[in-house]
Amino acid sequence: TWHLKKIPQIVRERTFSLDSPKFEAKTKLELNSVCGIECQRKLPVPSLSDLKDLLSYETVFENGTRTLTEVNVLGAVLDPVGNTTTQRASRKKRQIYGTDSRFSIYDKKFMTNFPFNTAVKVSTGCSGILISPKHVLTAAHCLHNGKDYVKGSKRLRVGLMKTKSRGNGRKRKGVSDGMPSFQWTRVKSTHIPKGWFKGVSGDIALDYDYAVLELKRPHKRKYMELGISPTIKMMPGSMIHFSGFDNDRSGQLVYRFCSISDESNDLFYQYCDAEPGSTGSGIYLRLKEPNKKKWKRKIIAVYSGHQWVEINGEQQDYNVAVRITPLKYAQICFWIHGNDENCTQG
């Protein structure tokens with residue numbers, strides 16, 4: 001069941017203008033030398049002043065101007081347990097090995113209907129998910145490398161799936177039903193938490209690898225609501241699902257599901273088969289609504305991608321997702337609504 005949680009409040013304190021970004025960073029769909037599972041175990045619990053710093057955010061607008069908004073955090077419960085993780089099985093190097101468990105969605109009916117129609121393509125080469133009529137959730141590193149915004153993020157666009165057909169519904173010769181084309185929409189503004197920037201943490205902090213894009217024009221599709229990420233124990237079969245546009249299957253929507261093998265307070269470690277391009281996909285679960293017979297899908301994490309980290313002096317890899325914690329829920333909800341009034345219950 002989805003459990004309602006009281007959400008901390010993110011309150012805007014002040015906003016400053018910053019210099020326009022250079023937009024010179026290269027897009028990297030695979031990250032190296034990040035704080036992984038061993039490093040996470042040693043991290044101290046952030047203090048309230050740390051949280052205010054980490055959850056302050058930059059906004060970049062379509063015309064290239066940039067602001068920094070400082071926030072206050074009210075009602076946050078600071079977890080004394082810290083970033084503890086469950087013990088995990090050792091894993092071999094993999095993005096995909098053995099049987100590839102991904103499914104390409106070819107059927108037009110599935111592709112253009114919920115939940116698959118919530119998947120979008122970001123023009124920098126990543127995926128994302130619709131979270132409101134005007135907002136898309138994706139990974140921060142699709143737009144910013146920790147020091148500067150990536151080249152393609154200056155004129156950022158989001159592609160919403162449509163299946164190729166003529167206006168009267170007749171198919172063109174040689175165009176299969178299963179190949180989506182994209183209706184591209186310009187991005188009006190981008191929000192990235194300050195916790196992602198290298199200057200704050202000294203290194204890239206995967207915990208903050210998420211961003212929200214505001215579209216210039218609203219779409220009329222069904223979007224997926226945010227949910228608070230439950231612990232592994234509270235998930236049916238500890239299973240997660242996500243769809244994105246993997247680079248090795250050009251033009252196809254690729255769906256997968258798998259179980260989570262490990263977790264920290266902010267991250268899920270999992271074994272889903274995925275290739276670059278699916279980074280930024282919304283990871284969702286289907287749980288029962290409280291006191292109702294209905295099931296509901298909600299986004300509980302953002303797929304950050306395939307990561308290399310140093311563990312005991314050796315480079316190891318895993319697939320990681322950034323959990324939507326009550327604090328992140330409050331922040332993303334604040335970005336969508338511009339106030340915290342609609343964000344009290346997650």
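Look up a bit, the structure's there.
Residues numbered from 1 in each chain as written. Predicted model: local features only at pLDDT ≥ 70, side-chain atom pairs only at ≥ 80, totals over all residues. Heavy atoms only, no water.

(A) The arrangement of the state of the cysteines in detail. The tally for this structure, following the rule as stated, stands at 1 disulfide. Each disulfide pairs two cysteine sulfurs, and for C126 the partner residue is C142, the sulfurs being separated by 2.1 Å. An S-S torsion of about -95° defines the bridge between C126 and C142 as left-handed. Residue C126 is found in strand β6 (residues 126-130), and its partner C142 is found in the loop between β7 (135-138) and β8 (157-163); the two are separated by 16 residues along the sequence. Neither C126 nor C142 differs from the other in exposure class; each is buried. (Disulfide = S-S within 2.5 Å. Helix = DSSP H or I, 4+ residues; strand = E, 2+ residues; numbered from the N terminus. Buried < 20%, exposed > 50% of the residue type's maximum accessible area, 1.4 Å probe, protein only.)

(B) Fine view of the pairing of strand β3 (residues 66-74). Burial analysis of β3 places 7 of its 9 residues in the buried class, which makes it a mostly covered element. Across 9 bridges, the pairing between strand β1 (residues 9-18) and β3 is antiparallel. Counterpart to I10 in the pairing with β3 is V73. Bridge count for strand β2 (residues 57-61) against β3 is 4 bridges, and the pairing is antiparallel. Bridge assignment links V60 to a residue of β3, and that residue is R66. Count of turn residues in the β2/β3 antiparallel hairpin: 4 residues, of which G64 carries a positive phi of about 90°. (Pairing = 2+ DSSP bridges.)

(C) Summary view of helix α5 (residues 326-337). The end-to-end C-alpha separation of α5 is 16 Å, in line with the 16 Å expected for 12 residues at 1.5 Å each. The complete set of buried residues in α5 reads L327, K328, Y329, A330, Q331, I332, C333, F334, W335 and I336. Looking one or two residues beyond α5, the residue adopting positive phi is G338, at roughly 80°. (Expected span 1.5 Å × (residues − 1).)

(D) Summary view of the side chain of S304. Relative to the helices and strands, S304 is located in strand β15 (residues 295-311). By relative accessible area, S304 is classed as buried at 0%. Reaching out from S304, the side chain makes a polar contact with the side chain of D209 at a distance of 2.5 Å. Apart from the residues within four sequence positions on either side, S304 is in contact with H141, L206, D209, T279, V320, A321 and V322. (Polar contact = N/O pair within 3.5 Å; in protein donor to acceptor, adjacent residues only side chain to side chain. Contact = heavy atoms within 4.5 Å.)

(E) Spatial organisation of the pairing of strand β12 (residues 253-263). Of all 11 residues that make up β12, 8 are buried, and the element is covered over most of its length. Examined bridge by bridge, strand β11 (residues 239-244) and β12 share 6 bridges and lie antiparallel to one another. Counted as the bridge partner of H241 is F257 from β12. As judged from the 3 bridges shared by β12 and strand β13 (residues 267-270), these two strands associate in the antiparallel manner. From the neighbouring strand, I260 faces β13, where its bridge partner is Q270. Following β12, the chain reverses through 3 residues before pairing antiparallel with β13.

Shape descriptors only; they carry no functional weight alone.
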